[in-house]
Amino acid sequence: MKKLINGADSIVTDALRGIAAAHPSLRVDVKNRVVFRADAPRPGKVGLVSGGGSGHEPLHGGFVGYGMLDAACPGEIFTSPVPDQLIEATKGVNGGAGVLHIVKNYTGDVLNFEMAAELSRDEGVEVATVLVNDDVAVQDSLYTAGRRGTGATLFVEKITGAMAEAGAPLAEVARVAREVNERSRSFGVALTPCTVPAAGKPTFELGDTEIELGIGIHGEPGRTRAPMREAREIVRIAMDAINADLPLSGDTLVLVNGMGGTPLIELYVVFAEVEAYLREKGATAVRSLVGNYVTSLDMQGFSVTTCSLTGELTRLWDAPVETPALRWGR
Amino acid sequence: MKKLINGADSIVTDALRGIAAAHPSLRVDVKNRVVFRADAPRPGKVGLVSGGGSGHEPLHGGFVGYGMLDAACPGEIFTSPVPDQLIEATKGVNGGAGVLHIVKNYTGDVLNFEMAAELSRDEGVEVATVLVNDDVAVQDSLYTAGRRGTGATLFVEKITGAMAEAGAPLAEVARVAREVNERSRSFGVALTPCTVPAAGKPTFELGDTEIELGIGIHGEPGRTRAPMREAREIVRIAMDAINADLPLSGDTLVLVNGMGGTPLIELYVVFAEVEAYLREKGATAVRSLVGNYVTSLDMQGFSVTTCSLTGELTRLWDAPVETPALRWGR
Amino acid sequence: MNTQFFAAWIEEIAAAVRAQRDHLTQLDAAIGDADHGANLDRGFAAAQEALAGASPQTPGALLVLVGTTLIRKVGGASGPLYGTAFREMGKAFGDAAEVSPAELSAGLNAALSGVQRLGAAAEGDKTMVDALAPAVKALDQAVRDGRKPEEALEAAAAAAEEGAKATVPLQARKGRASYLGPRSVGHEDPGAASTALLFRALKAAAAR
Amino acid sequence: MNTQFFAAWIEEIAAAVRAQRDHLTQLDAAIGDADHGANLDRGFAAAQEALAGASPQTPGALLVLVGTTLIRKVGGASGPLYGTAFREMGKAFGDAAEVSPAELSAGLNAALSGVQRLGAAAEGDKTMVDALAPAVKALDQAVRDGRKPEEALEAAAAAAEEGAKATVPLQARKGRASYLGPRSVGHEDPGAASTALLFRALKAAAAR
Ligand SMILES: Nc1ncnc2c1ncn2[C@@H]1O[C@H](COP(=O)(O)OP(=O)(O)O)[C@@H](O)[C@H]1O
Ligand SMILES: Nc1ncnc2c1ncn2[C@@H]1O[C@H](COP(=O)(O)OP(=O)(O)O)[C@@H](O)[C@H]1O
Ligand SMILES: [Mg+2]
Ligand SMILES: [Mg+2]
Ligand SMILES: [Mg+2]
Ligand SMILES: [Mg+2]
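Procedures and definitions
Residues numbered from 1 in each chain as written. Chains lettered and ligands numbered in written order. Predicted model: local features only at pLDDT ≥ 70, side-chain atom pairs only at ≥ 80, totals over all residues. Heavy atoms only, no water. Near = heavy atom within 4 Å. Polar contact = N/O pair within 3.5 Å; in protein donor to acceptor, adjacent residues only side chain to side chain. Areas by Shrake-Rupley, 256 points an atom, 1.4 Å probe, with all protein chains shown as cover. Helix = DSSP H or I, 4+ residues; strand = E, 2+ residues; numbered from the N terminus. Donors = N, O, S within 2.8 Å, 3.2 Å for Na, K, Ca; no water. Buried < 20%, exposed > 50% of the residue type's maximum accessible area, 1.4 Å probe, protein only. Contact = heavy atoms within 4.5 Å. Buried area = accessible area lost by both parts, 1.4 Å probe. Salt bridge = Lys/Arg side-chain N within 4 Å of Asp/Glu carboxyl O. Nonpolar A, V, L, I, M, F, W, Y, C, P; charged D, E, K, R; others polar.

Asker: I'd like to hear about the site of ligand 1, residue by residue, with values.
Answerer: Around ligand 1 there are 21 residues in total, and Asp-33, His-36, Ala-77, Ser-78 and Asp-189 of chain C lie nearest to it. What surrounds ligand 1 is not a single chain but chains A and C. Separating a nitrogen atom of ligand 1 from a backbone N or O atom of Gly-119 of chain C is a distance of 3.0 Å. The contact in question runs from an oxygen atom of ligand 1 to an N or O atom on the side chain of Asp-189 of chain C, over 2.6 Å. Expressed as a share of its isolated accessible area of 570 Å², the protein-covered part of ligand 1 is 97%. Elements with a minimum of two residues in the shell around ligand 1: helix 2 (36–54), helix 4 (78–93) and helix 8 (190–207) of chain C. With three residues, helix 8 of chain C is the single largest residue contributor to the shell around ligand 1.

Asker: Please give an account of the coordination of the magnesium ion (ligand 3) that cites residues and values.
Answerer: Every protein donor of the magnesium ion (ligand 3) is listed here as Phe-78 of chain A (O), Asp-33 of chain C (OD) and Asp-35 of chain C (OD), and their distances to the metal cover 2.1 to 2.3 Å. Between the magnesium ion (ligand 3) and the magnesium ion (ligand 5) the interatomic distance amounts to 3.5 Å, and Asp-33 of chain C serves as a bridging ligand to the pair. Of this pair, Phe-78 of chain A sits in the loop between strand 4 (71–77) and helix 2 (83–93) while Asp-35 of chain C sits in the loop between helix 1 (3–31) and helix 2, each in a different chain. Of the two residues, Phe-78 of chain A and Asp-35 of chain C, neither departs from the other in class, the shared state being buried.

Asker: Just give me the short version of the interface of chain A and chain B, but keep the residues and values in it.
Answerer: Listed by partner, the interface residues are 58 residues for chain A and 58 residues for chain B. Here chain A meets chain B over a buried area of about 4700 Å², counting both sides, of which 61% is carbon and sulfur. Contact with chain B buries surface across chain A, with Lys-2, Leu-4 and Ile-265 of chain A losing the most and accounting together for 21% of the total. Scanning the region where chain A abuts chain B turns up four salt bridges. With a shortest N-O distance of 3.1 Å, Glu-273 of chain A and Arg-17 of chain B are connected by a salt bridge. In this structure, the connection of chain A to chain B is made through 24 residue pairs in polar contact (both at pLDDT 80 or more). Listed by contribution, the elements that provide at least two residues to the side of chain A that touches chain B are helix 1 (11–22), strand 8 (210–213), helix 6 (231–245), helix 7 (264–280), strand 11 (283–291), strand 12 (301–308) and strand 14 (327–328) of chain A. The dominant element in the side of chain A that touches chain B, judged by the number of residues it contributes, is helix 7 of chain A, at 10 residues. Partitioning the side of chain A that touches chain B into residue classes produces 29 nonpolar, 14 polar and 15 charged.

Asker: Can you break down the coordination of the magnesium ion (ligand 4) residue by residue, with the values?
Answerer: Within the protein, the atoms that donate to the magnesium ion (ligand 4) are Phe-78 of chain B (O), Asp-33 of chain D (OD) and Asp-35 of chain D (OD), at distances of 2.0 to 2.3 Å. Between the magnesium ion (ligand 4) and the magnesium ion (ligand 6), a separation of 3.5 Å is found, and both are coordinated by Asp-33 of chain D.

Asker: Outline the interface of chain B and chain D, listing residues and values.
Answerer: Listed per partner, the contact involves 37 residues of chain B and 33 residues of chain D. Sorting the residues of chain B by area buried against chain D places Leu-111, Met-115 and Arg-223 of chain B first, and these three jointly supply 18% of that buried surface. Our enumeration of links across chain B and chain D arrives at two salt bridges. The shortest N-O distance in the salt bridge between Asp-84 of chain B and Arg-72 of chain D comes to 2.5 Å. Scanning the region where chain B abuts chain D turns up 11 residue pairs in polar contact (both at pLDDT 80 or more). Top contributing element to the side of chain B that touches chain D by residue count: helix 3 (residues 107–122) of chain B, with five residues. When its residues are assigned to classes, the side of chain B that touches chain D shows 16 nonpolar, 13 polar and eight charged.

Written out as structure tokens, the structure reads:
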């Protein structure tokens, strides 16, 4: 394992120092591990807090700023943050209008956010929670921890960020957050595993002609292993899974997301196929993102996330945003 | 080799289809392989054209748009574009005020751009050329093809883009382009090789505890091989090389660039060390970029580029830009 | 069993987790995200530090501090779950300076309830509950049978180890491993494995 | 040597480059960017297509078309360099329907000048010039000595191959390989290797 780190134990702290130095629009509390908007808390504005294990950069720290998150809490690599961090963030962004917790549906994230919400409420902060669970590779049944939260997190954070910026009340922001989640679906494919620094070796092994279908974003193996094939066919597998769960139609927001180790040129090849698939189904990619947004360390592969847009959601998507990883309109 | 492609021969075309579908602000001539600003040519504005081999995305296509390039020409993977493409682009962006060719200093790029410039001039277009050669790993002597152009290309494209947008004449744009290049230095380090799709295997082999120092962006080996070490020490090697060539001081623009396969969290760890090094030398990272901008397919590693700023250059850097990969102020 | 005994337990756990760190992480790599060893190592190292700093005076205070520290330092699924387990156990002990085997048993039942309340896992879901529940049951039984403390703790440790091994053929229905569906079969659950370490450490503390 | 002969030459080159594509790419991987085989394969396949479409009537027209096609389709350093070589050769042949050995020799001298004018490489810089220059010299000499065409072409091909092999111990001073400094030593230059293929193909065309 070769990584550009000073040590597996200091990677999160070291990266936070780098984020602090690179982005004057952020205030980074390195000790408590919270990335704040420099101007948080904003009086009267609903505060948006997200967080999760590190290793998914730019998620979530890269999405803190005007029109998106007010704070993000990075845990250790692939380990959800602890309640202390989340409480610190929640109190730090509370401008009196309450705080929304945007939580990816993983047992660890859910438990730690729950504890933080409870303790923050004890301290007088109104907290609402939205669970993101867009990954169609996981059966949503009593026999699983439920669907994972992946790419739709970015959609929820951007769209609720625009609402909060515009002064919407907490209940309304939470309602739209849930709506975005319900309208979104994702599917991921890995060409290679990733290597967790503290583990020192790849989380699984994959042959030279094999891929993993239905992977998450924590280096876990997928639902099935399949032979490697052309981008066009791999995209069809992913899109069929999404389309079977929620038929694609109308104006669609699309994220073709790299897992961290995939060159951008390949993501554009994938996007061309995704766009063609959508057209075939009578849907249109009216808004799109192509790049590394919700990653899994150095994994090669991609995920596709779709969100069926409404006029309101399109307008909120288009609203100005100014964060390290997503910026337009200012 | 596993890649998200439909075939090694169609990768550039397929990616161009993806770029076209993803970015309505661009007009992509897939057949002639030119990525244009949708509104090119702009009457009275100097046109900016760059290009080079593919495999370095988002360079150059991702830098086409308001306040940056007017057109980009992608060649095959790591192969400079051909004169036809460049002529097509040059004519297509000529708004009557002439065209600047921004050329990375590689024999192939230089020769093909020279031919294109000559033939474009024959057709009545005024063409100026700026060579980017910022890589301190290569000795600039009669015994080499001269220094390579790497990260400074982004600086030149952004800053000249702002000038051209503001209506500066060709000679002035070319002068500042050369100034930016002269004030910029780069150094790159690889943790792994990359795999060119048509070659099917890595361009070199590197042990589990070895790194390549002074690499370029075409998968070529570096000047020396060294043992793997902490990020802090690797950064020191890179920064010492830059500082020895052009002592660091004052306001500095810094790019910590991923080679395509390096997770963003590691790039932030690197940036923290770069920023500390600058401070130690009495220089300040007043502007910075951290991310994958000038890549080498799936290579793991990074490069650092510094540019010693003036008030004018800082102002031009801050000017609005709206491209797929760089956007602020609009 | 007094405060010193429970301090020794935490020491034994910390040492065992440190020694088995890579093993636990590898178990987690197979069906999870390769961090369980690092998580617990960080947590119990922090717990020891907290104990050294605060010197709690009762078993209850000690265990609550350990639990709180785990919640504050571990993160992930195991942080809140183990943290709650220790806190519930500590709370069950109240202010007592000494804990009897029967009280220990009651405390561990409280721990199990806490874990199940929070995580909603039943036995057979392939989680730490599959080691914790049988260990608690075995201890209950041994205490009811009036067996010697060492024997009772041995029974609990053995039951936890058996429970952990028995997760191998199961398909996970809770936590990260559940995402793998049938592919989770054939691997030992990392949380069940660490729970077995906790009970083995309890026996070791008693043998000191 | 008539138009048909030069068409056969291009066919032989295309076949040889296709067969040696991976070899050329691997040579380029060692000290360059792993595309030389793909570049030339793409270029000469396009040249054949262009010839089939246009059916040029003289050796000069044919070679100019080949050169132009290489410039238009190859890119990289080798595209303009080989393209210029073929164009200069073609231009040297003018409108002639037949080319004598002495004229061939003159044409190849023009090709060499074109490559050197464009790329500024001297012999010993570890480039295609290290194969091209000795081959041209050997052909000159053989023609001056009045040797049979086949013998003259064999001498040229052998000199090109020797020149290519002789690049192995050199340190590159031009092109991408120069970035490696001393590490370029010990590898054959891919462009010199492909130039040797061109001259071997010329001999093969004559032997048809
Ligand atoms: N709902 C749950 N109830 C009980 N235990 C659980 C539950 N979910 C996960 N676990 C336990 O947690 C262990 C994983 O812990 P750890 O790897 O530290 O956290 P994470 O899964 O967040 O990475 C699993 O092996 C399992 O024993
Ligand atoms: N300045 C030069 N003069 C002559 N030949 C050169 C020069 N630079 C490079 N070459 C030749 O070009 C070859 C590389 O061609 P190719 O790999 O197709 O292009 P690129 O180097 O642009 O990838 C080298 O092996 C060398 O023989
Ligand atoms: Mg985890
Ligand atoms: Mg090349
Ligand atoms: Mg885990
Ligand atoms: Mg090459």
